[in-house]
Amino acid sequence: AIMASADEPMLEAAAAAAPASSSAPAHGGPAIVMVAKFGREKIELPPLSPSTTILAVKEMLTERTAVLPKRQKILGLTIKPGCGSKSSMGPPDTCRLEDLKPKGKNNINSPIITHQFILMGTPEEKIFVDPSEKDDLPDVIDDFDFDFNAGSDEWLQHVANADNLAKFTERTDVHIINEPREGKPLLVLDLDHTLLDFSSKTLQRAESFDVGQTHVAKMKRPFMDQFLSAAYRHYDLVVWSQTSWRWLETKLIELGMVSHPGYKFCFVLDKTSMFKITSTKRDGSTVQHHVKPLQLIWSKFPRWGSHNTVHLDDLARNFALNLGCGLKCTAYYRKKSKAKNDVELLGLARYLDMLATSGRSFEEVNFNEWVEVCAGKKSIDETASPVQGGDEKKPPSGGD
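A brief structural summary.

Parameters at a glance
Residues numbered from 1 in each chain as written. Predicted model: local features only at pLDDT ≥ 70, side-chain atom pairs only at ≥ 80, totals over all residues. Heavy atoms only, no water. Pairing = 2+ DSSP bridges. Helix = DSSP H or I, 4+ residues; strand = E, 2+ residues; numbered from the N terminus. Axes fitted to C-alpha atoms, helices over the stretch in contact; angles between N-to-C directions. Core = buried A, V, L, I, M, F, W, Y, C linked by side-chain atoms within 4.5 Å. Buried < 20%, exposed > 50% of the residue type's maximum accessible area, 1.4 Å probe, protein only. Contact = heavy atoms within 4.5 Å. Polar contact = N/O pair within 3.5 Å; in protein donor to acceptor, adjacent residues only side chain to side chain. Salt bridge = Lys/Arg side-chain N within 4 Å of Asp/Glu carboxyl O.

### Observations concerning the sheet that holds strand β5 (residues 186–189)
Turning to step 1, where the next piece is worked out: With respect to topology, five strands assemble into an open sheet ordered β7-β6-β5-β10-β11, the strand pairing being parallel. With partners counted over all chains shown, the strands left at the sheet margins are β7 (265–269) and β11 (326–328), one partner each. On average, adjacent strands in this sheet sit at an angle of 20° to one another, irrespective of strand direction.
Turning to step 2, where the next piece is worked out: Of the pairings in the sheet, the one linking β5 to strand β10 (residues 309–313) comprises four bridges and is parallel in character. If you follow V188 over to β10, its bridge partner there is H311.

Quick look at the structure:
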């Protein structure tokens, strides 16, 4: 953040420009600068009085983002002990800025304290735009015609893009929501047709926007919350969605996934973090498509690698650069006749539990046989082979 001067004229001007609740208190105190990360935009508010409330901050952010205060979710701010507790949407509106715990290089004796946080929320006029009407979403390519084989010319061509991938990774930012936990492996999760089947029309039919309402809950794959809660006991969770940031945050907020008490996400990545490659289909034709390169995460968080990462997705093509880490599930569509009887997430939860407690490097295990393991036909050990590198295992089978 740009550190503003703490001289009296600036503070007086800032107090005059801010809402009444942010006027300077009689006992004074350091000026407070609030810096919001909103999508790819950085929003810095003018220096504020310590008595400024979170609601006043939200009202100022509304002017900059067109997101109403009731739709704003603030992540990354911590309340001092004894000063109240956070709600599912972040610090309560009545919380004063002086009640926030400084982080990083902030010094409580400094004339200015800076709080950086993530702002999530969707402007009112955009919340009901149907994804089918968007022209900036990546193409969804049926992936059963792709032929990904470790060591093949196709795979080597992708690996040859390593320099471009390294540059792409370097300029891609990752913003932490919840710090990784020591010793936990990583579970990277796709959203659409893996954990849920989102519909803006269903959202619009709901009588209110309260999290957990019946209409909104219908968009979740059966047992989604139970699956995530079970996985969170053993794994740190990351969401990597193929949609734009605004749609991603709408899904996470409206479905109650960011505020659920049973699980937390370390961070969230959207389609801008996906890497474009050219693949050859079995008929010889080529097509460009985006993939999710786990190297982007591993380079920024060395605690994770192919030895302790699982990538759950319904599209095998997203595993192209990390074949051995891909765990492919059946695509979920809530309008299909069998949707109500879908229990795949329960099976996946059981498999991930067995994998995490097996003591084996994930590089050794063939994830393609997860159904056989869950059915008791094989053990984790029976699906394992000596480590040859995380991308040399048999690639996930394509198709639904």
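### Some words on the nonpolar core
Turning to step 1, where the next piece is worked out: If you look at the biggest cluster of nonpolar residues, it comprises 45 residues, and the most contacted ones within it are L187, F227, L228, L237, M257 and Y351.
Turning to step 2, where the next piece is worked out: When neighbours within four sequence positions are excluded, Y351 is seen to be in contact with L327, V365, N366, F367, W370, V373, C374 and I380.
Turning to step 3, where the next piece is worked out: If you look at the next biggest cluster of nonpolar residues, it comprises 20 residues, including I32, L45, I74 and I79.

### A few points about the side chain of D190
Turning to step 1, where the next piece is worked out: Along the chain, D190 turns up in the loop between β5 and α5 (200–205).
Turning to step 2, where the next piece is worked out: Of the polar contacts made by the side chain of D190, one reaches the side chain of K292; its length is 3.1 Å.
Turning to step 3, where the next piece is worked out: Every residue in contact with D190, bar those within four places of it in the chain, is listed here: L195, W240, S241, K292, L312, D313 and D314.

### Details of the pattern of salt bridges
Opposite charge on two side chains permits pairing when their charged atoms draw close.
Turning to step 1, where the next piece is worked out: Summed over all chains, the structure comprises twelve salt bridges.
Turning to step 2, where the next piece is worked out: The shortest N-O distance in the salt bridge between R96 and E98 comes to 3.0 Å.
Turning to step 3, where the next piece is worked out: In this structure R96 comes out as partly exposed when scored by relative accessible area, which is 37%.
Turning to step 4, where the next piece is worked out: Linking D225 and K220 is a salt bridge whose minimum nitrogen-to-oxygen distance equals 2.8 Å.
Turning to step 5, where the next piece is worked out: For D225, a relative accessible area of 16% gives the class buried.

### Examining the sheet that holds strand β1 (residues 31–38)
Turning to step 1, where the next piece is worked out: Taken in spatial order, the four strands make up an open sheet running β2-β1-β4-β3, and their pairing is mixed. Of all the strands in the sheet, just β2 (41–44) and β3 (73–75) have a single pairing partner and so form its edges. If you compare each strand with its neighbour and ignore which way they point, the axes differ by 30° on average.
Turning to step 2, where the next piece is worked out: Looking at chain direction, β3 and strand β4 (residues 112–120) are connected through three bridges and run antiparallel. Each residue of the ladder has a partner; that of I74, found in β4, is L119.
Turning to step 3, where the next piece is worked out: Here helix α2 (residues 54–65) sits on the sheet in contact with β1, β2, β3 and β4, set at roughly 130° to β2.

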